Amino acid sequence: MSKQKRFFLSEEEIPTQWYNIQADMPNKPMPMLDPKTKKPMTPEDMFPLFSMEASRQEMDQEHAWIDIPEAVREQYKYYRSTPLVRAYGLEKALGTPAHIYFKNESVSPIGSHKLNSALAQAYYCKQEGVTNITTETGAGQWGCALSYAAKVFGLEAAVYQVKISYEQKPYRRAIMQSYGAQVTPSPSMSTRAGKDVLTVDPNNNGSLGTAISEAVELAMTTPNCKYVLGSVMNHVSLHQTIIGLEAEKQMEMAGEYPDIVIGCFGGGSNFAGISFPFMRHVFSGERKTRFIAAEPASCPKLTRGQFQYDFGDLSGLTPLMPMYTLGHNFMPANIHAGGLRYHGAGVIISQLLKDGYMEAMDLKQSETFKAGLLFAKEEGIIPAPESCHAIAAAIAEAEKCKETGEEKVILFNLSGHGLIDMAAYTQYLAGNLFDHEVSDEEVTRNVKELEQIIK
Ligand SMILES: *Cc1c(COP(=O)(O)O)cnc(C)c1O
């Protein structure tokens, strides 16, 4: 391992505001539609489900800067600023002239970026007199973040975890339970949505879509209970901009500016977090930064999905959102990057991709673990399977620089560590990990079904 150079901010330098990209977007995102009336939603329409403040932030296209509540910023200080690291070891191993930096969000108490939004959402719920919060989780990172945040602000948490992950990743379940959350494998018989799936397919492995349906149903049928989401929504991306805002200051300390910014992509929150603050300088014409979202080849909504209105969940309970989607019925293959197994993308990201402000790259699972292992050997951190996608994309770009001799500055977000995902690494090291390809036929069939539902 070579020397690393790490950049930190002092407590006073930690940002006091989040960046709301909606205010600066040349083309605003199209409105979310009420699933029944198909009319544009207002913040008030979201109050029954989400906290009022999160609902307002969701549709705020006016204020570019939103204050971070002092109580949330105090909690951020437990682990922020997160380090910005110059990856000399990785550069050397690749023999690339590129300068590679990563923002290390894996240092949070629960090991990923997800806490940045969980703390904010739990805080707003508490402020508004809510006593219970519920959510879904895939690989378990979001559930862990929410469980931690619920504990911090004195709320009860109920988490629906995708069944395959509940079984494959028992340690995350244990982490959630350690913070006092109630964890249920999804699909479950405890909700209408879960029963509907299990009646048709008793061995269903679950998906984020189904788990969302279950959590939404619980929130709608339980007094004083709100639903909190870990990705996809605009307010979640907003809270995650703390990542990029810190990185911007830290890159300045390093005396460089990124040519390319990369994040792995599930619903878009960590990608948004690292990208949006830098993108405002592209809108203003000051910079020409490239932004790359790294997604799994087995769940390729950005590279092969279609831009259109779709539901966020399997049962069609969420608002209709204008987004790149594979169709809400899409059942992604059981890859280890559980956090990237989602059929759609957030509405802001979708608009930005449509308008050409960002790109997407799809990566095979084996390729991502190969990249993750090289990173672990050179930089000492075992990356989350999700983060391996960002690393693989950064390596692909660094390899291109090797061919052209360009000294580009590449910044990627290390969204989390993989210490609770070692079963996945074991499988890869034993040569038992396979790539899952999605056929064009499957994509076409799913999106067609969609067109029949949403005319
Ligand atoms: C949840 C998660 C992701 C994917 O979610 P986004 O909202 O797209 O960021 C990526 N990496 C890690 C470590 C995660 O926990």
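The rules behind these values
Residues numbered from 1 in each chain as written. Predicted model: local features only at pLDDT ≥ 70, side-chain atom pairs only at ≥ 80, totals over all residues. Heavy atoms only, no water. Helix = DSSP H or I, 4+ residues; strand = E, 2+ residues; numbered from the N terminus. Rg over C-alpha atoms; globule rule 2.2 N^0.38 Å. Contact = heavy atoms within 4.5 Å. Areas by Shrake-Rupley, 256 points an atom, 1.4 Å probe, with all protein chains shown as cover. Lys, Arg positive; Asp, Glu negative; His and termini not counted. Charge placed at Lys NZ, Arg CZ, Asp CG, Glu CD. Phe/Tyr/Trp six-rings, centres within 6.5 Å; stacked < 30°, edge-to-face > 60°. Buried < 20%, exposed > 50% of the residue type's maximum accessible area, 1.4 Å probe, protein only. Lys NZ or Arg CZ within 6 Å of the ring centre and 35° of its normal. Domains from an automatic or database assignment. Buried area = accessible area lost by both parts, 1.4 Å probe. Salt bridge = Lys/Arg side-chain N within 4 Å of Asp/Glu carboxyl O. Polar contact = N/O pair within 3.5 Å; in protein donor to acceptor, adjacent residues only side chain to side chain. Nonpolar A, V, L, I, M, F, W, Y, C, P; charged D, E, K, R; others polar. Pairing = 2+ DSSP bridges. Axes fitted to C-alpha atoms, helices over the stretch in contact; angles between N-to-C directions.

Novice: I tried to follow the overall build of the chain on my own but got confused; where do I start?
Specialist: Within the chain, the secondary structure is distributed over 18 helices and 15 strands. Its C-alpha atoms give the chain a radius of gyration of 20 Å, within 12% of the compact-globule value 23 Å for 455 residues. Seen along its three principal axes, the alpha-carbon backbone of the chain occupies a region of about 55 × 50 × 45 Å. Sequence-distant contacts, at least 24 apart, represent 78% of the contacts inside the chain between residues at least 6 apart. Carbon and sulfur atoms form 51% of the exposed surface of the chain, whose accessible area is close to 16700 Å². A distance of 2 Å separates the average location of the 42 positive side-chain charges in the chain from that of its 53 negative side-chain charges.

Novice: For this particular structure, what's the right way to read the packing of aromatic side chains?
Specialist: Each aromatic ring pair is summarised here by two numbers: the centre-to-centre distance and the angle between the ring planes. Within the structure shown, the criterion is met by 15 aromatic pairs. Plain terms: the ring middles of Phe102 and Phe412 are 5.7 Å apart, the flat faces sit at 25° to each other, and that makes the pair stacked. One end of the pair, Phe102, is in strand 5 (residues 99-104); the other, Phe412, is in strand 15 (residues 409-414), with 310 residues separating them in the sequence. Both residues of the pair, Phe102 and Phe412, count as buried. Pairwise contacts between aromatic rings join Phe102, Phe375 and Phe412 into one cluster. Here the guanidinium or amino end of Arg173 rests over the ring plane of Tyr166, the centre of that ring lying 3.9 Å away.

Novice: Got a minute to help me understand the domain arrangement of the chain in this structure?
Specialist: Accessible area lost during the coming together of the parts is what is often quoted as the interface size. Examined at the domain level, the chain breaks down into domain 1 (6-13 + 80-111 + 237-452) and domain 2 (50-66 + 113-234). Relative to domain 2, the C-alpha centre of domain 1 lies at a distance of 22 Å. Taken together, the contacts link 39 residues of domain 1 with 40 residues of domain 2. Between domain 1 and domain 2, a total of about 3300 Å² is buried, with carbon and sulfur atoms accounting for 58% of that surface. Summed over the three residues of domain 1 that lose the most area to domain 2, namely Ile110, His239 and Ile420, the buried surface amounts to 22% of that side. Here domain 1 is connected to domain 2 by 2 salt bridges. Between Arg172 and Asp421 there is a salt bridge; the shortest N-O distance is 3.2 Å. The tally of links from domain 1 across to domain 2 stands at 17 residue pairs in polar contact (both at pLDDT 80 or more). Counting only elements with at least two residues in the side of domain 1 that touches domain 2, the list comes to helix 11 (234-254), helix 12 (269-283) and helix 14 (347-354). Of the residues belonging to the side of domain 1 that touches domain 2, the class tally is 14 nonpolar, 18 polar and 7 charged.

Novice: Just checking my understanding: could you explain the environment of Ile395 for this structure?
Specialist: For Ile395, the location among the structural elements is in helix 16 (residues 385-404). Remark: the alpha-carbon pair of Ile395 and Ala371, spanning 24 residues in sequence, is separated by 7.4 Å. Ile395 has contacts with Leu90, Leu94, Ala371 and Leu374, leaving out every residue within four places of it along the chain.

Novice: I keep staring at the side chain of Gln365 and nothing clicks. Help me out?
Specialist: With respect to the helices and strands, Gln365 occurs in helix 15 (residues 365-379). Of the polar contacts made by the side chain of Gln365, one reaches the backbone oxygen of Phe434; its length is 3.0 Å. In contact with Gln365, other than residues within four places in its own chain, are Ile335, His336, Leu433, Phe434, Asp435 and His436.

Novice: So what exactly am I meant to see when it comes to the sheet that holds strand 8 (residues 182-186) here?
Specialist: Two orientations exist for strands paired in a sheet by backbone hydrogen bonds: parallel and antiparallel. One open sheet holds the 4 strands; their spatial order is 8-7-6-9, and the pairing between them is parallel. What marks the edges here is a single partner per strand, and that holds for strand 8 and strand 9 (225-227). For this sheet, the mean inter-axis angle between neighbouring strands, taken without regard to orientation, is 25°. One ladder, built from 3 bridges, connects strand 6 (residues 132-137) with strand 9; its direction is parallel. By the bridge assignment for strand 9, Ile133 is matched with Lys226. Set on the sheet, helix 10 (residues 208-221) makes contact with strand 6, strand 7 (156-162), strand 8 and strand 9; between it and strand 6 the angle comes to about 170°.

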